[in-house]
Amino acid sequence: MSLTATLNFPIINESVEQPTGLFINNEFVPAIQGKTFAVTSPIDESHLCDLQMANADDVEVAVQAAYKAFKSWKVELPSVRARYLYKLADLIDQHRETIAKIESLDNGKSLFCSRFDVNLVVNYIRSCAGFCDKCDGRTINTGANYLNFTKREPLGVCGQIIPWNFPIMMFAWKIGPALATGNCVKLVSQLVLLTSFQVPVEVVVTLS
């Protein structure tokens, strides 16, 4: 079963190979039930591609994979978490033009706006990387006879829903803070987020 499709960009006569599988445990896989759904261009209602459709069983597999990664990611050094987030930002930066084109094709906005959005994503992920070693607790003065302090700890696997109207930036807003603070993420797209399939994924290999 092929888990890629060719996306054709109108007017500029370019194309790109688009992953269509479910990204689970550091690889694109088919849905357990083998169902797919069509992605339609908001520009002219043409058929873009078919993506694998997850159900509850696929979600469970993804959550268990994320939970397994969480056991080591939650205790990873903040400097290491930062390094991987910086790497993700650099990879998005490296592929920014392709991602912007897919964002425009998927979302219907102008390429100018998509390029601006991708730039915001790169800067935001880098900002989150810089926050990795700055999320700490505090001591609270409650009198000489007490020692009172707070300790911030990762929550676990975070289920994140990506809406359709601002997908690439929402992707960054969801994963950046969660990964920076030692959590793992299960992303769910409300409709479809082609750019989340195309964003370079080499950075997550250590989390699998």
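It should be noted that the structure appears before, not after, this text.
Basis of the calculations
- Numbering of residues begins from 1 in every chain and follows the order in which that chain's sequence is written.
- Only residues with pLDDT of 70 or above have their local features reported here, since the model is predicted, and side-chain atom pairs are shown and tallied only from 80 upward, although totals for entire chains, interfaces and linings are computed over all residues.
- The basis for every side-chain value is the complete set of heavy atoms in the structure, and neither hydrogens nor water enter the calculation.
- Strands are runs of DSSP state E lasting at least two residues, helices are runs of H or I lasting at least four, and both sets are numbered from the N terminus onward.
- The classification of residues rests on relative accessible area computed with a 1.4 Å probe and restricted to protein chains. Under 20% of the type maximum is buried, over 50% is exposed, and intermediate values are partly exposed.
- The Shrake-Rupley method, run with a 1.4 Å probe, gives the accessible areas here. Residue values count only the displayed protein chains as cover.
- Each axis is a line fitted through C-alpha atoms, and for a helix only the stretch in contact is used; angles between axes span 0 to 180 degrees, taken between their N-to-C directions.
- Note on terminology: angles under 35 degrees are roughly parallel, angles over 145 are roughly antiparallel, angles of 65 to 115 are roughly perpendicular, and the others are oblique.
- Two residues qualify as a contact provided that any one of their heavy atoms is within 4.5 Å of a heavy atom in the partner residue.
- Classification used: nonpolar for Ala, Val, Leu, Ile, Met, Phe, Trp, Tyr, Cys and Pro, charged for Asp, Glu, Lys and Arg, polar for all others including Gly.

S.K.: Just give me the short version of the overall build of the chain, but keep the residues and values in it.
M.R.: Summing up its helical and strand segments, the chain has six helices and 10 strands in all. Per-residue burial for the chain yields a buried fraction of 40% across its 208 residues. For the chain, the accessible area works out to roughly 11600 Å², and carbon and sulfur atoms hold 55% of it.

S.K.: Residues and numbers for unusual backbone geometry, please.
M.R.: Despite not being glycine, asparagine 25 has its phi angle at roughly 55°, a positive value. Structurally, asparagine 25 can be placed in the loop between strand 3 (22-24) and strand 4 (27-29). Look at asparagine 25 and you get partly exposed, because its relative accessible area is 44%. Phi angles above zero are rare outside glycine, and glutamate 45 is one such case at about 65°. For glutamate 45, the location among the structural elements is in the loop between strand 5 (36-40) and strand 6 (47-52).

S.K.: Give me the packing of helix 2 (residues 78-94) against helix 4 (residues 111-131): which residues, what numbers.
M.R.: Interhelical geometry of helix 2 versus helix 4 gives an angle of 170° and a closest axis separation of 8 Å. Regarding the angle of helix 2 to helix 4, the classification is roughly antiparallel. Residues Ala82, Leu85, Tyr86, Leu88, Ala89, Asp90, Ile92 and Asp93 of helix 2 lie in contact with helix 4, whose contacting residues are Val118, Val121, Val122, Ile125, Arg126, Cys128, Ala129 and Gly130. Considering only residue class, the contact of helix 2 with helix 4 consists of 12 nonpolar, one polar and three charged.

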